[in-house]
Amino acid sequence: MAAKRVGEEPAFILHRYDWSESSLILEVFTRHRGRVALVAKGAKKHTSNFRPVLLALQPLKVSYTLSGDGQADIHVLKGAEWAGGHIMPMGNNLLTGLYLNELLMRLLARDDPYAYLFDVYGAVVKLLATQPEEVIEPVLRAFELIVLRELGLLPTLHEETLTLQPLQPEALYVLVAEMGLRPALDSDRAALTGRQWGLLQQALAQGESAYPATVRACAAVATALKPQLRHLLQYHCGSPLLRTRQLMMDLQTL
């Protein structure tokens, strides 16, 4: 059966590793086909046109062939070009970008498209490349919420998960991996009010405007959201601890 070709697909490289002395395997997040694995033959050669292009956190357009019925695990990269737009993030923003990539590598199944999540990821990466790290915190929380929602891992945020009772506006609630939203205990270090959770729920429900609306909703609660979302994400990622998170924690202790 003749090989089918995917042409000029918007994409970002999430991870790359050696396949042979001259070739690479790429884990790529594409807009219309989700996460796919591509072999870039000869990409490590000094004469390869792929060498300056196949970089993480850069918007690309890739072309590749689907062998046989298109169900093979690894497809063959035929072309890649930089789509333009921004430079590579630097410093802590670079580490943050690598964290996003590891998160998607752990959570996304192959060949399962998430076009809206792709667009949000691209917007976040652009901010990482162009904005100081001080303004990134609510953007990250919004991205984490959208990842969880798109994958069906986020409970509704306007009611207690176990009892399905509406949240009380001024009462405090915590999001935990094993049981969703529950009333906060005295021992909980981070919690949001029912009204704050409700505003996040409203923002996430705004269709194509969900990302900017969720960033705005996260602005006032980003610090309290961080440990709750990180715990929930790690729960769904499984063991071991996300390597980029461990690296960030190690750097903070220096």
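Parameters at a glance
Residues numbered from 1 in each chain as written. Predicted model: local features only at pLDDT ≥ 70, side-chain atom pairs only at ≥ 80, totals over all residues. Heavy atoms only, no water. Pairing = 2+ DSSP bridges. Helix = DSSP H or I, 4+ residues; strand = E, 2+ residues; numbered from the N terminus. Axes fitted to C-alpha atoms, helices over the stretch in contact; angles between N-to-C directions. Contact = heavy atoms within 4.5 Å. Core = buried A, V, L, I, M, F, W, Y, C linked by side-chain atoms within 4.5 Å. Buried < 20%, exposed > 50% of the residue type's maximum accessible area, 1.4 Å probe, protein only. Domains from an automatic or database assignment. Phe/Tyr/Trp six-rings, centres within 6.5 Å; stacked < 30°, edge-to-face > 60°. Lys NZ or Arg CZ within 6 Å of the ring centre and 35° of its normal. Parallel < 35°, antiparallel > 145°, perpendicular 65-115°, else oblique. Left-handed = near helix turned anticlockwise from the far one by under 90°. Buried area = accessible area lost by both parts, 1.4 Å probe. Salt bridge = Lys/Arg side-chain N within 4 Å of Asp/Glu carboxyl O. Polar contact = N/O pair within 3.5 Å; in protein donor to acceptor, adjacent residues only side chain to side chain. Expected span 1.5 Å × (residues − 1).

Q: Which parts of the structure should I look at to understand the sheet that holds strand E2 (residues 24–30)?
A: Within a sheet, each strand pairs with its neighbour through backbone hydrogen bonds, oriented either parallel or antiparallel. Read around the barrel, five strands follow the order E1-E2-E3-E5-E4 and close on themselves; strand pairing throughout is mixed. Within the sheet, the average angular offset between the axes of one strand and its neighbour, ignoring direction, is 55°. Pairing of E2 with strand E3 (residues 34–40) involves seven bridges; the strand directions are antiparallel. In the sheet register, Ile 25 faces E3, and the bridge partner there is Val 39. Set on the sheet, helix H1 (residues 91–107) makes contact with strand E1 (4–18), E2 and E3; between it and E1 the angle comes to about 110°. Lying on the sheet, helix H2 (residues 115–130) is in contact with E1 and E2; it crosses E1 at an angle near 55°.

Q: What's the story with the nonpolar core in this structure? I'm lost.
A: Across soluble globular proteins, nonpolar side chains have a tendency to be buried as a group. Judged by nonpolar contacts, the single largest core of 51 residues is most densely connected at Leu 104, Leu 117, Tyr 121, Phe 143, Trp 197 and Leu 225. Of all elements in the fold, only E1, H1, H2, helix H3 (137–150), strand E6 (172–176), helix H4 (194–204), helix H5 (210–218) and helix H6 (222–237) reach the threshold of two or more residues within this core. When we break this core down by domain, the ones giving at least three residues each are domain 1 (5–82) and domain 2 (91–253). Once residues within four sequence positions are removed from consideration, Trp 197 is found in contact with Leu 157, Leu 167, Tyr 173, Val 174, Leu 175, Leu 181, Leu 192, Leu 225 and Gln 228. Membership of the second largest hydrophobic core comes to 19 residues, among which are Ala 11, Leu 24, Val 36 and Phe 50.

Q: Is there a simple way to explain unusual backbone geometry in this structure?
A: As a rule of thumb, non-glycine residues mostly have phi less than zero, and peptide bonds are mostly trans rather than cis. Phi at Leu 57 takes a positive value of approximately 60°, unusual for a residue other than glycine. Residue position: Leu 57 is located in the loop between E3 and strand E4 (60–66). Positive phi values are uncommon outside glycine, yet Asp 111 reaches one of about 60°. Structurally, the position occupied by Asp 111 is in the loop between H1 and H2.

Q: What should I look at first to understand the packing of aromatic side chains in this one?
A: Here a ring pair, both rings aromatic, is described through the centre-centre distance and the interplanar angle of the planes. As enumerated under the stated definition, the model contains five aromatic pairs in all. Each ring, one from Tyr 121 and one from Phe 143, has its centre 6.3 Å from the other, and the planes form 50°; the classification is tilted. Here Tyr 121, found in helix H2, pairs with Phe 143, found in helix H3; they are 22 residues apart in sequence, far enough to count as distant. Considered together, Tyr 121 and Phe 143 belong to a single accessibility category, that of buried residues. Directly above the aromatic system of Tyr 99 lies the positively charged group of Arg 230, at a separation of 4.5 Å from the ring centroid.

Q: Mind showing me how you'd approach the packing of H2 against H3 here?
A: Helix-helix packing is described using two parameters, namely the angle between the two axes and the distance between the axes. One can describe the packing of H2 onto H3 by two numbers: an axis separation of 11 Å at closest approach and a directional angle of 165°. The angle between H2 and H3 places the two elements in the roughly antiparallel class. At the point where H2 passes H3, the crossing takes the left-handed sense. Residues Tyr 116, Leu 117, Val 120, Tyr 121, Val 124 and Leu 127 of H2 form the contact with H3, whose own contacting residues are Val 139, Phe 143, Ile 146, Val 147, Arg 149 and Glu 150.

Q: What's the story with the domain arrangement of the protein chain in this structure? I'm lost.
A: Interface extent is often summarised as the accessible area lost during association of the parts. The assigned domain composition of the protein chain is domain 1 (5–82) and domain 2 (91–253). Domain 1 and domain 2 are separated by 29 Å when their C-alpha centres are compared. The interface is formed by 20 residues belonging to domain 1 together with 20 residues belonging to domain 2. A combined buried area of about 1,800 Å² lies between domain 1 and domain 2, and 65% of that area is made up of carbon and sulfur atoms. Summed over the three residues of domain 1 that lose the most area to domain 2, namely Phe 29, Arg 35 and Leu 57, the buried surface amounts to 42% of that side. Here domain 1 is connected to domain 2 by two salt bridges. A salt bridge links Asp 119 to Arg 31; the nearest nitrogen and oxygen atoms lie 2.7 Å apart.

Q: Whenever I open this one, the side chain of Arg 230 confuses me. Can you help?
A: Summarising the element assignment, Arg 230 is placed in helix H6. You can call Arg 230 buried: its relative accessible area is 9%. Within the local environment of Arg 230, its side chain forms a polar contact with the side chain of Tyr 99, the two groups lying 3.1 Å apart.

Q: Would you mind showing me how to read H1 here?
A: What sets the pattern is the α-helix's 3.6 residues per turn: residues three or four places apart point alike. Compared with an ideal rise of 1.5 Å per residue, which puts 17 residues at 24 Å, H1 spans 25 Å between its outermost C-alpha atoms and is within 8% of the ideal. Those residues of H1 not exposed but buried are Asn 93, Leu 95, Thr 96, Gly 97, Tyr 99, Leu 100, Asn 101, Glu 102, Leu 103, Leu 104 and Leu 107.

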